[in-house]
Amino acid sequence: MKRYRYGLFFLTVILGAFALYRCFADRCPDHKEPESVRIGITLYRDDDTFINSICRILETEAKKYEKTEGIRMILDVMDAKEDQNTQNSQVDRFLALGCDVICVNMVDRSAASVIIDKAMDREVPVIFFNREPVSEDLNRWEKLFYVGANPKEEGVCQGNMIADAYDACPEILDLNGDGKVSYVILEGERGHQDSLMRTEWAVQTLKNRGVDLEKLTGGIANWQRSQADALMGQWLEKFPEQIELVLSNNDDMALGAIDTLRRLGIIRPVCVAGIDGTPAGLDAVESGFMLGTVVIDRETYGKTMMRMALSLAETGRTPEDISLERGAYFRCPSYPEIRKRKDEAPETGKIE
Ligand code: BGC
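Remember, it's a predicted structure, so these values are computed and weren't measured experimentally. (Residues numbered from 1 in each chain as written. Predicted model: local features only at pLDDT ≥ 70, side-chain atom pairs only at ≥ 80, totals over all residues. Heavy atoms only, no water.)

**Student:** If you had to explain the pairing of strand 9 (residues 271-276) to someone new, which residues and values would you point to?
**Tutor:** Within strand 9, six of the six residues are buried, which leaves the element mostly enclosed by the surrounding structure. Once you follow strand 8 (residues 245-248) into helix 9 (residues 251-263) and on to strand 9, the crossover reads as right-handed. Where strand 9 lies against strand 10 (residues 292-296), four bridges are found, and the strand directions are parallel. Pairing of Asp-276 across the sheet is with Val-295, part of strand 10. Considered for its hand, the β-α-β crossover made up of strand 9, helix 10 (residues 279-286) and strand 10 is right-handed. (Buried < 20%, exposed > 50% of the residue type's maximum accessible area, 1.4 Å probe, protein only. Helix = DSSP H or I, 4+ residues; strand = E, 2+ residues; numbered from the N terminus. Right-handed = clockwise from strand over helix to strand, strands pointing away. Pairing = 2+ DSSP bridges.)

Laid out in structure tokens, this is it:
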């Protein structure tokens, strides 16, 4: 009986203390619970080199904020495995978990309205990234944003990089000396804004710079190294002597073309140009296998995106110092990285 009384006494003290604490917490506006921010991130596919590297930067940034700001950061990262229905369910899950912000790398960029409806319903801001929804969708609400590359700028940069090399030494591109540069093009995805704009502007820039171009063929390799390798194999069978330049919408596909050239031991120094500046792409430039790449500043990409997400979660607005095109778009800067000796023949055919 005595034990029971003690138990009751302690329970009353604990409940009393808790009630006092709640009362203090409610009345005192300065009182803060340890803050926590929950961000849901869904990727069109987790094994895409570029997307994967952006995701790693987001995770690193979140850890930094945890340390410096004392905020508990919870990142829920999910792979949609190229299935739009799976991605829609992942967004449902994020909303059920109470995410403060959702970051979406759309599987099908034309299907954003379903996700936007869900987010608007629950008033949760969305940052789309890398796969840009159509502007009609993004304009539906002021809490919808896009972070991505600047494909026109990258296409122009790729074109200029090649034209510079041509001006410095036409023979490295015009291998048979017929006055024309015969090229093949590896494209990312049919409906992807980066793919369409990079192709258009790289070719247009080369033409504007006075390089006489001849397109031999082109094809979609879905941004992937192995698919590009397979396509390049077919093209080399069809045009064994003619290919002088491989234009690629990203580095992974450029590396795929280089894989083929090296495997077949092609001695003719075909120029290959990429975009992204992935570590493997930069290595290929450094070692002379790639003519050049356009480096997308991934640190700025990931850091800006994380700052936007955090600020949206905490204040409902994006940071004042991040200037957004039309109030919603952040386009990441890029710069060219070209083989050191532009006038030297590339080493695509070299076998180690
Ligand atoms: C990148 C590619 C990537 C694609 C995925 C592009 O912006 O350059 O490397 O595979 O986005 O959507």
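**Student:** So what's going on with the sheet that holds strand 2 (residues 72-79)? Which residues, and what values?
**Tutor:** Taken in spatial order, the six strands make up an open sheet running 2-1-3-4-5-11, and their pairing is parallel. At either margin of the open sheet sits one strand with a lone partner, and together these are strand 2 and strand 11 (329-331). On average, each strand axis in the sheet is tilted by 15 degrees relative to the strand beside it, whichever way the strands run. Here strand 4 (residues 126-129) pairs with strand 5 (residues 144-148) via four bridges, running parallel. Within strand 5, the position partnered with Phe-128 by the bridge is Tyr-146. The sheet strands contacting helix 3 (residues 84-97) are strand 1 (36-43), strand 2 and strand 3 (101-104), and the helix crosses strand 1 at an angle near 175 degrees. Most of the contacts of helix 4 (residues 112-122) go to strand 4, to which it runs at about 160 degrees, and overall it touches strand 3, strand 4 and strand 5. (Axes fitted to C-alpha atoms, helices over the stretch in contact; angles between N-to-C directions. Contact = heavy atoms within 4.5 Å.)

**Student:** Describe the sheet that holds strand 7 (residues 213-220), and please don't skip the residues or the numbers.
**Tutor:** Reading across from one edge, 7-6-8-9-10-12 is the order of the six strands in this open sheet, with mixed pairing throughout. Sheet topology places strand 7 and strand 12 (334-338) at the edges, where each strand pairs with a single neighbour. Averaged over all pairs of adjacent strands, the angle between strand axes in this sheet comes to 15 degrees, irrespective of strand direction. Bridge analysis of strand 6 (residues 181-187) against strand 7 gives seven bridges, and the strand direction is parallel. Across the sheet, residue Leu-186 finds its bridge partner in strand 7, namely Gly-219. Against the sheet, helix 7 (residues 193-208) contacts strand 6, strand 7, strand 8, strand 9 and strand 10, and its axis sits at roughly 165 degrees relative to strand 6. Here helix 9 sits on the sheet in contact with strand 6, strand 8, strand 9 and strand 10, set at roughly 155 degrees to strand 9.

**Student:** Mind laying out the site of the ligand, listing which residues take part and the relevant values?
**Tutor:** Around the ligand lies a shell formed by Tyr-44, Asp-48, Phe-50, Asn-130, Arg-131, His-192, Asp-194, Arg-198, Trp-223, Asn-250 and Asp-276. For the ligand, whose unbound accessible area comes to 310 Å², protein coverage reaches 99%. Grouping the amino acids of the shell around the ligand by side-chain chemistry returns three nonpolar, three polar and five charged. Per-domain counts for the shell around the ligand show at least three residues from each of domain 1 (36-141 + 298-332) and domain 2 (152-296). (Near = heavy atom within 4 Å. Areas by Shrake-Rupley, 256 points an atom, 1.4 Å probe, with all protein chains shown as cover. Nonpolar A, V, L, I, M, F, W, Y, C, P; charged D, E, K, R; others polar. Domains from an automatic or database assignment.)

**Student:** So what's going on with the state of the cysteines? Residues and values would help.
**Tutor:** As enumerated under the stated definition, the model contains zero disulfides in all. Lacking any disulfide linkage, Cys-99 is separated from the closest cysteine sulfur, that of Cys-103, by 9.2 Å. You can call Cys-99 buried: its relative accessible area is 5%. Looking at the unpaired Cys-271, the closest cysteine sulfur is the one in Cys-169, lying at 9.4 Å. (Disulfide = S-S within 2.5 Å.)

**Student:** Before we move on, can you summarise the environment of Lys-340 with the specific residues and values?
**Tutor:** Its place among the elements puts Lys-340 in the segment after strand 12. Lys-340 sits 54 residues away from Glu-286 along the chain, and the two C-alpha atoms are 7.6 Å apart.

**Student:** Give a description of the pattern of salt bridges that names residues and reports values.
**Tutor:** Considering all chains together, one arrives at 21 salt bridges under this definition. For Asp-92, the salt bridge goes to Lys-118, with nearest N and O atoms at 3.0 Å. Within this pair, whereas Asp-92 is found in helix 3, its partner Lys-118 is found in helix 4, the two being separated by 26 residues in sequence. Taking the relative accessible area as the measure of exposure, Asp-92 reaches 37% and is therefore partly exposed. Here Lys-118 falls in the partly exposed class, since its relative accessible area comes to 21%. The partner of Arg-198 in a salt bridge is Glu-154, and the shortest N-O contact between them spans 2.9 Å. Pair noted here: Arg-198 is in helix 7 and Glu-154 is in helix 6 (residues 151-168), with a separation of 44 residues, a long-range link. (Salt bridge = Lys/Arg side-chain N within 4 Å of Asp/Glu carboxyl O.)

**Student:** Provide a residue-level description of the packing of aromatic side chains, including the pertinent values.
**Tutor:** A full pass over the atoms with the stated rule returns two aromatic pairs. An angle of 80 degrees between the planes, with centres 5.8 Å apart, marks the rings of Phe-50 and Tyr-301 as edge-to-face. Note that Phe-50 is positioned in helix 2 (residues 49-69) and Tyr-301 in helix 11 (residues 298-315), a separation of 251 residues in sequence. It is Arg-262 that lies over the ring of Phe-289; its NZ or CZ is 4.0 Å from the centre. (Phe/Tyr/Trp six-rings, centres within 6.5 Å; stacked < 30°, edge-to-face > 60°. Lys NZ or Arg CZ within 6 Å of the ring centre and 35° of its normal.)

**Student:** Break down the nonpolar core for me, with residues and values.
**Tutor:** By size, the foremost hydrophobic cluster in this structure holds 65 residues, and its most contacted members are Met-73, Ile-127, Phe-129, Leu-186, Met-232, Ile-243 and Val-246. Inspection of this core shows a minimum of three residues originating in each of domain 1 (36-141 + 298-332) and domain 2 (152-296). The contacts of Leu-186, once residues within four sequence positions are left out, are Gly-219, Ala-221, Ala-228, Leu-231, Trp-235, Val-246, Leu-247, Ser-248, Asn-249, Met-253 and Ala-257. The next biggest cluster of nonpolar side chains, apart from the first, holds 21 residues, and it includes Cys-99, Ile-116, Leu-138 and Ala-328. (Core = buried A, V, L, I, M, F, W, Y, C linked by side-chain atoms within 4.5 Å.)

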